[in-house]
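# Understanding the architecture of this molecule
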Amino acid sequence: MISGLSKGEKEHERRWWILAVIGLINLCAGSIYAWSVLAAASAAKLSSVLGTAVTPGDLAIAFGVANAVGPIPMILGGAINDRFGPRTVIVAGGFLMGLGLICCGLAESVGTLIAAYGGLFGLGLGLTYGACITTAVRYFPDRRGMAGGIVTAAYGMSSVLVPPIAQALIGSVGITATFIILGTVCGAAIMAGGFVCRQCPPDFVPHGMGKKAKAEAKGLTWREMLRSPVFYPMIALLLSGAFAGMMIISQAASIARHEIGMTAAAAAVSVSVIALFNMAGRLVAGILSDHLGRITVLAGALCLSLAGLFTLMTAGMGDFAQYYLGCVLVGLSFGAFMAIYPGFTAERFGTAHSSVNYGIMFCGFAAAGFGGPALMRWMQHTGFVFSDCCMVGAAFCLLGLVFAAVCRRMVK
């Protein structure tokens, strides 16, 4: 079907296939969402091996490290991606992710498991995710929000699909074999997808964009981006928008049980609700941002988060429906930031160095991913009640609206 087309038309057709492949890669990369299931079984295994009690909480640092190291491989791999294309970066990322999971299965100490998951798997995830996102956005300068929404939604879909698969595998073959199976399947799938991916030609111009696409293709280097005044309110907006979401998402099951009085099963459903609407928020917000503007949709997402926090704050024991509604609103808001920011970064600073630039911008999300849960735990341990935590989250949302207004003024 592609052979009879001109070069430009071939790229126009090919980009949809590449977007589909990247979506499948991200679906496998999202296996990080199975950690809560894997951690419980790993703790039981290590307790048996070591002869001392190991809890999932003792292994939580592995998940934290895997997320925290993300910007490092995104920036370093981004430099390779910007120059040579995504193939090498994604293949290397898939290999490290698969190897990390396999080593987790073979680990017989807490330190080894943390190094395998937080180190190998985390580094591989950063390489894979960063290369996938920026490649998709480059191929769709006319629909950046849609492209970012689709590939990040595919990543988020793993939070719905992978945990029950992992739980079923653990029940049938045990935790060691489960890690090895997940590592082999996900690693091989990501590497195969990486071989298919190719760099977007620098002269690729979608129909109807003309000079605008050529101008955006030049772009700023990371040093020039850091000297740009709009960078700082942009990264502050990302941090503010993700902070409240990370506070609630990290403790959703615990909040449901202790603040609302849900059973463990019902609390698990609330986590799935957040995951589903987080995924939906990525897709819907990405598409809307192409038509309404990035800042407008981000500001709307902050308002949704404020409404969600107020809904959660006023929910009492037995208010299941109200709690679910709050989870829906927070999930939608959080998903919007994940979907919009890759395209928003490329739009403001160009695509020539967008892999490195987005890796640096992603530091705002990484800070929220660490700071939100850490602040939530500190407040809970020092005597603050849940409504106080919601008020802090709301303060970050209001601060985000200020940064959104600053961004809008600078962009104009």
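Source: prediction; values computed, not measured. (Residues numbered from 1 in each chain as written. Predicted model: local features only at pLDDT ≥ 70, side-chain atom pairs only at ≥ 80, totals over all residues. Heavy atoms only, no water.)

## So, the overall build of the chain
Let me state the cut-off plainly: Helix and strand assignments come from DSSP, with helices taken as H or I runs of at least 4 residues and strands as E runs of at least 2, each series counted from the N terminus. Think of it in three bands: residues with accessible area under 20% of the maximum for their type are buried, residues over 50% are exposed, and the middle band is partly exposed, with areas taken using a 1.4 Å probe on protein chains only. Any pair of residues with heavy atoms lying within 4.5 Å of one another is described as a contacting pair. Within this scheme the basic residues Lys and Arg register as positive and the acidic residues Asp and Glu register as negative, but His and the chain ends are omitted. Every charge is mapped to an atom, namely NZ of Lys, CZ of Arg, CG of Asp or CD of Glu.
From N to C terminus, the chain includes 18 helices and zero strands. Burial statistics for the chain: of 412 residues in total, 53% are counted as buried. In the chain, the proportion of contacts linking residues at least 24 apart, taken out of those at least 6 apart, comes to 83%. Of note, the chain has its 25 positive side-chain charges centred 9 Å away from the centre of its 15 negative side-chain charges.

## A look at the environment of Gly57
Locating Gly57 in the fold gives a position in the loop between helix H2 (35–50) and helix H3 (60–68). Of the residues examined, Gly57 reaches a relative accessible area of 54% and is grouped as exposed. Separated by 14 residues in the primary sequence, Gly57 and Ala43 place their C-alpha atoms 8.8 Å from one another.

## Things to note about the packing of helix H13 (residues 264–292) against helix H15 (residues 320–349)
Heads up, the rule is: The convention used is that axes are lines fitted to C-alpha atoms, helices contributing only their stretch in contact, and that angles between N-to-C directions extend from 0 to 180 degrees. Angle categories: roughly parallel below 35 degrees, roughly antiparallel above 145, roughly perpendicular from 65 to 115, and oblique for all the rest. A clockwise turn of the near helix away from the far one marks a right-handed crossing, whereas an anticlockwise turn of less than a right angle marks a left-handed crossing. Residue classes follow a fixed rule: Ala, Val, Leu, Ile, Met, Phe, Trp, Tyr, Cys and Pro count as nonpolar, while Asp, Glu, Lys and Arg count as charged, and any other residue, Gly among them, counts as polar.
Where H13 contacts H15, the two axes come as close as 6 Å, and the packing angle between them is 40°. Overall, the two elements H13 and H15 adopt an arrangement that is oblique. Considering the relative orientation of H13 and H15, their crossing is right-handed. Per-class residue counts for the contact of H13 with H15 are 17 nonpolar, seven polar and one charged.

## So, the packing of aromatic side chains
Our working rule: Here a pair means two rings of Phe, Tyr or Trp (six-membered ring of Trp) with centres within 6.5 Å. Their orientation is stacked below 30 degrees between planes, edge-to-face above 60, and tilted elsewhere.
The full count for this structure, using the stated rule, is 14 aromatic pairs. Between Tyr341 and Phe344, the aromatic rings sit 5.4 Å apart at their centres with planes inclined by 75°, giving edge-to-face as the arrangement. You can see Tyr341 and its partner Phe344 sitting in helix H15, three residues apart, about one turn around the helix. A relative accessible area of 1% means that Tyr341 is categorised as buried. Classification of Phe344 by relative accessible area gives buried; the value is 1%.

## Description of helix H4 (residues 71–84)
The α-helix winds at 3.6 residues per turn, so residues separated by three or four positions along the chain end up facing the same way. So the rule is basically this: Each residue after the first adds 1.5 Å to the expected span of a helix. Throughout, bend refers to the angle between the axes fitted to the seven residues that end at a position and the seven residues that start at it.
For H4, with 14 residues, the first-to-last C-alpha span of 19 Å sits near the 20 Å given by 1.5 Å per residue. A bend of about 25° at Gly77 is the largest found in H4. Here H4 has its buried residues at Pro71, Pro73, Met74, Gly77, Gly78, Asn81 and Asp82. Those residues of H4 that are buried are in contact with H3, helix H5 (86–106), helix H6 (110–139), helix H16 (354–361) and helix H17 (363–381). Of the residues flanking the end of H4, it is Gly85, one or two places downstream, whose phi is positive at about 105°.

## Details of the pattern of salt bridges
Let me state the cut-off plainly: Each salt bridge in this description consists of a side-chain nitrogen of Lys or Arg and a carboxyl oxygen of Asp or Glu lying within 4 Å of one another.
Scanning the entire structure with this criterion turns up five salt bridges. For Asp82, the salt bridge goes to Arg138, with nearest N and O atoms at 2.2 Å. Here Asp82, found in helix H4, pairs with Arg138, found in helix H6; they are 56 residues apart in sequence, far enough to count as distant. When sorted by exposure, Asp82 lands in the same class as Arg138, which is buried. With a closest N to O distance of 3.2 Å, Glu347 and Arg294 form a salt bridge. Taken together, the positions of Glu347 in helix H15 and Arg294 in helix H14 (residues 294–313) put the pair 53 residues apart, joining distant regions of the chain. For Arg294, a relative accessible area of 7% puts it in the buried group. Members of the salt-bridge network, linked through shared partners, are Asp290, Arg294, Glu347 and Arg348.

## Considerations on a nonpolar patch on the surface
Using the following cut-off: Patch membership is restricted to residues that have no salt bridge and whose relative accessible area is over 30%. Joining uses 9 Å for like charges and 5 Å for the nonpolar side chains Val, Leu, Ile, Met, Phe, Trp and Tyr. Exposure was quantified through the Shrake-Rupley algorithm and a 1.4 Å probe, taking into account, for residues, occlusion by the shown protein chains and nothing else.
On the surface, Leu283, Val284, Ile287, Leu288 and Leu292 cluster together to form a nonpolar patch covering roughly 410 Å² of accessible area. If you trace the backbone, Leu292 turns up in helix H13.

## Section: the state of the cysteines
What makes a disulfide is a covalent bond joining the sulfur atoms belonging to two cysteines. Counted only if it meets this: Count a disulfide wherever a pair of cysteine sulfur atoms falls within 2.5 Å.
Within the structure shown, the criterion is met by zero disulfides. The structure places no disulfide on Cys186, whose sulfur is separated from the nearest cysteine sulfur, that of Cys28, by 4.9 Å. Summary of cysteine pairing: Cys363 is not part of a disulfide, and the nearest cysteine sulfur, belonging to Cys407, is at 17 Å. With a relative accessible area of 31%, Cys363 lands in the partly exposed category.

## Some points on the nonpolar core
Most often, soluble globular proteins keep nonpolar side chains buried together rather than apart. Under the convention used in this document: By convention a nonpolar core is built from buried Ala, Val, Leu, Ile, Met, Phe, Trp, Tyr and Cys residues, the set being connected through side-chain atoms within 4.5 Å.
Grouped together as the largest cluster of nonpolar side chains are 117 residues, with contacts concentrated most on Leu38, Tyr117, Tyr323 and Tyr341. Among the elements that make up this core, the one with the highest residue count is H6 (13 residues). When residues no more than four places from it in sequence are discounted, the contact partners of Tyr323 are Ala252, Ile255, Ala256, Ile260, Met262, Ser270, Leu312 and Ala315.

## Considerations on H2
Over its 16 residues, H2 runs 21 Å from end to end, which matches the ideal 22 Å to within 8%, given 1.5 Å per residue. In this fold, the buried residues of H2 make contact with H3, H5, H6, helix H7 (144–173) and helix H8 (175–196). One or two residues past the end of H2 sits Gly51, with phi positive at roughly 75°.

## Regarding the packing of H14 against helix H18 (residues 386–411)
The geometry of H14 relative to H18 is characterised by a closest axis approach of 9 Å and an angle of 170° between their N-to-C directions. Judged by the angle between their axes, H14 and H18 are roughly antiparallel. Taken as a pair, H14 and H18 cross one another with a handedness that is left-handed.

## Topic: the side chain of Thr311
Along the polypeptide, Thr311 turns up in helix H14. Judged by its relative accessible area of 12%, Thr311 is buried. If we ignore the near neighbours within four places in the chain, the residues touching Thr311 are Gln322, Leu325, Gly326 and Leu329.

## Let's talk about the side chain of Ser289
Applicable threshold: Nitrogen and oxygen atoms within 3.5 Å of one another constitute a polar contact, given that in protein one can donate a hydrogen and the other can accept it, and given that sequence-neighbouring residues count only through two side-chain atoms.
By the secondary structure assignment, Ser289 is in helix H13. A distance of 2.7 Å separates a polar atom in the side chain of Ser289 from the backbone oxygen of Gly286. Setting aside residues no more than four positions away along its own chain, Ser289 makes contact with Gly145, Arg294, Val297 and Ile340.

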